[in-house]
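# Coordinates in review
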Amino acid sequence: MSADMMRAVVQDGFGGPEVLRIQQVPRPVPLPTEVLVRVHAAGINPVDWKTRGGTGMAGLLGEPPFTLGWDVSGVVEEVGFGVTTLKAGDEVYGMPWFPRVANAYAEYVTAPARQFARKPATLDHVHAAAVPLAALTAWQAVVDTAHVGAGQRVLVTAAAGGVGHFAVQFARHLGAHVIATASAPRHPWLKELGAAEVIDYTTTRFEDAVADVDVVIDLVGDAHDRTSTRSLEVLRPGGLLVAIPAGVSPELAQAAEAAGVRVTPFLVEPDGAALTAIAGLIDAGEVAVEVAETFPLERAGAAHARGEAGRTRGKLVLTVAD
Ligand SMILES: NC(=O)c1ccc[n+]([C@@H]2O[C@H](COP(=O)([O-])OP(=O)(O)OC[C@H]3O[C@@H](n4cnc5c(N)ncnc54)[C@H](OP(=O)(O)O)[C@@H]3O)[C@@H](O)[C@H]2O)c1
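Quick summary incoming for the structure in this document.

## Side note on the nonpolar core
Grouped together as the largest cluster of nonpolar side chains are 92 residues, with contacts concentrated most on Phe170, Leu190 and Ile217. No other element matches the eight residues that helix H4 (residues 132–145) contributes to this core. Among residues more than four places away in sequence, those in contact with Ile217 are Ala141, Val142, Val154, Leu155, Val156, Thr157, Ala167, Val242 and Ile244. Counting residues in each nonpolar core, the second largest holds 15 residues, with Ile199, Val216, Leu241 and Ala256 among its members.

What follows is the structure, given as structure tokens:
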């Protein structure tokens, strides 16, 4: 293979997991303020398979061909002019460019240096690649948006997934009383992560089991059993619903107003400084990272099929280089 080419997962059209295929593409070159990162592992997120199928960020990426993926962990290979905070050989992780195309399902990625942070020293690349998008979502929702504080009651729906398992741990770290929804087999693990109460969503409607909640971090959305709308019922007056999967419909906004509670849409943003703070919590042993399964880059389609089944405990990760 020529040194200026690399392997990447490319899709030529929208569709099922089978549209993902490996192709040789030109290796990117870092512009001033950017770094070239050799990708060791790439995290998988629901937005990846949504975009693959024509929803998610497809409207921003435009028509295929394109390469999916935003989460990377790897090693800086080269720095562009002006970069002073990173150098060749540094181990970094990040969620660059989101929601623009980042081409993370590939052997190399270029992005602004400050959209990366140093990888948590206690994690290998697979576990580090599981962190950025899911943990930044949880951090920006729990810390920056809801300003969760000690003693508050926080409900996290889909707590066993990628975002949820970080949201439980961040809220717990801030001293909140965390209530988590998940299927029963996940309950002992979620309690280890810091959930004070767990609700089996397959047998119990959470609005029958909890009340007086300050903040709902909803990771399920109204598409499934009207979860966002139902969560308005558990909020105390003035409480906040962070509606993460699909934003806030006019109906949901109206229902929130009628109920005397607040609701906000949410979209995660690249944030190297937050990734540095998150790495600190991970290296201090305060936050654990769960990887359910890894797949080689060539099997990105199989990884998507597994993720789309909707039962992942923690994260799925693509392995790219040793
Ligand atoms: N707006 C944003 O910036 C943003 C950022 C990140 C993610 N998101 C969205 O947020 C959602 C969650 O993302 P994710 O990465 O955490 O997904 P994920 O890892 O694929 O979530 C899988 C988990 O969902 C749980 N689950 C499924 N249905 C459930 C239900 N009805 N009640 C409770 N738990 C349920 C499953 O638990 P069991 O195995 O126990 O069934 C499984 O552990 C996705 O829609 C994603 O697109 C949005």
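## Brief notes about the pairing of strand E5 (residues 91–94)
Direction of pairing for strand E4 (residues 71–79) relative to E5: antiparallel, over a ladder of four bridges. Within the sheet, the bridge partner assigned to Ser73 lies in E5 and is Tyr93.

## Brief notes about the environment of Val163
Topologically, Val163 is positioned in helix H5 (residues 162–173). Each C-alpha atom of the pair Val163 and Ala41 lies 18 Å from the other, and the pair is 122 residues apart in sequence. If near-sequence neighbours (up to four positions away) are discounted, Val163 is found in contact with Ala134, Thr137, Ala138 and Leu219.

## Digging into the sheet that holds strand E13 (residues 262–265)
A sheet is described by the order of its strands in space; here six strands give the open sequence E10-E9-E8-E11-E12-E13, paired in parallel fashion. Edge positions in the sheet fall to strand E10 (197–200) and E13, since each of these pairs with one other strand and no more. Shown here is a sheet whose adjacent strand axes are inclined to one another by a mean of 15 degrees, direction ignored. In this sheet, strand E11 (residues 213–218) lies alongside strand E8 (residues 153–156) in parallel orientation, the contact comprising three bridges. Each residue of the ladder has a partner; that of Val156, found in E11, is Ile217. Contacts from H4 reach E11, strand E12 (235–243) and E13 within the one sheet, and its direction differs from that of E12 by about 150 degrees.

## Description of the environment of Pro28
Of note, Pro28 is situated in the loop between strand E2 (21–26) and strand E3 (34–44). A sequence separation of 172 residues divides Pro28 from Asp200, and the C-alpha atoms of the two residues are 46 Å apart. Non-local contacts of Pro28, meaning those with residues more than four positions away in its chain, are made with Met6, Leu36, Tyr108, Val109 and Thr110.

## Let's talk about the side chain of Ser228
As for its position among the elements, Ser228 is in helix H8 (residues 227–231). At 2.5 Å, the side chain of Ser228 forms a polar contact with the side chain of Asp218. When sequence neighbours within four positions are dropped, the list of residues in contact with Ser228 reads Asp218, Gly221, Asp222, Leu241, Ala243 and Leu252.

## Side note on helix H11 (residues 300–308)
Among all positions of H11, only Ala300, Gly301, Ala303, His304 and Gly307 are buried. The arc enclosing the buried residues of H11, seen along the axis, measures out at 160 degrees, which places them on a common side.

## What to know about the side chain of Lys119
When you line up the elements, Lys119 lands in the loop between strand E7 (116–118) and helix H3 (125–129). Among the polar contacts made by the side chain of Lys119, one reaches the main-chain carbonyl oxygen of Leu123 at a distance of 2.5 Å. Ignoring sequence-local partners within four residues, the contact set of Lys119 consists of Ser73, Glu91, Val92, Tyr93, Asp124, His125 and Ala128.

## Looking at the packing of aromatic side chains
Inspection of the entire model under this criterion finds four aromatic pairs. Residues Phe14 and Phe66 carry aromatic rings whose centres are separated by 6.0 Å and whose planes lie at 55 degrees to one another, so their mutual orientation is tilted. Taken together, the positions of Phe14 in the loop between strand E1 (5–10) and E2 and Phe66 in the loop between helix H2 (58–61) and E4 put the pair 52 residues apart, joining distant regions of the chain. Taken together, a centroid distance of 6.1 Å and an interplanar angle of 20 degrees make the contact between Phe166 and Phe170 stacked. Pair noted here: Phe166 and Phe170 are both in helix H5, with a separation of four residues, about one helical turn.

## Here we look at the pattern of salt bridges
Counting across every chain of the model gives 15 salt bridges. With a shortest N-O distance of 3.6 Å, Glu77 and Arg27 are connected by a salt bridge. In this pair, Glu77 is assigned in strand E4 and Arg27 in the loop between E2 and E3, connecting sequence segments 50 residues apart. Where Arg205 meets Glu207, a salt bridge forms, and the shortest distance between an N and an O atom there is 3.3 Å. Accessibility expressed as a relative area gives 37% for Arg205, which makes it partly exposed. One connected set of salt bridges, linked through shared partners, spans Arg205, Glu207, Asp225 and Arg230.

## Some words on H4
With eleven of 14 residues buried, H4 lies mostly within the body of the structure. Looking only at H4, the buried set comprises Pro132, Leu133, Ala134, Ala135, Leu136, Thr137, Ala138, Trp139, Gln140, Ala141 and Val142.

## Some words on unusual backbone geometry
Note: most peptide bonds trans; most residues except glycine with negative phi. A cis amide bond, omega 10 degrees, links Pro64 with the succeeding residue Pro65. In this structure, Pro65 sits in the loop between H2 and E4. A positive phi is found at Asn103, a non-glycine position, where the angle reads about 60 degrees. Considering the arrangement of structural elements, one finds Asn103 in the loop between E5 and strand E6 (108–112). One non-glycine residue, Ala158, lies in positive phi territory at about 55 degrees.

Calculation criteria
- Residues numbered from 1 in each chain as written.
- Predicted model: local features only at pLDDT ≥ 70, side-chain atom pairs only at ≥ 80, totals over all residues.
- Heavy atoms only, no water.
- Core = buried A, V, L, I, M, F, W, Y, C linked by side-chain atoms within 4.5 Å.
- Buried < 20%, exposed > 50% of the residue type's maximum accessible area, 1.4 Å probe, protein only.
- Helix = DSSP H or I, 4+ residues; strand = E, 2+ residues; numbered from the N terminus.
- Contact = heavy atoms within 4.5 Å.
- Pairing = 2+ DSSP bridges.
- Axes fitted to C-alpha atoms, helices over the stretch in contact; angles between N-to-C directions.
- Polar contact = N/O pair within 3.5 Å; in protein donor to acceptor, adjacent residues only side chain to side chain.
- Arc of directions from axis to C-beta.
- Phe/Tyr/Trp six-rings, centres within 6.5 Å; stacked < 30°, edge-to-face > 60°.
- Salt bridge = Lys/Arg side-chain N within 4 Å of Asp/Glu carboxyl O.

Nothing here speaks to function; it is all geometry.
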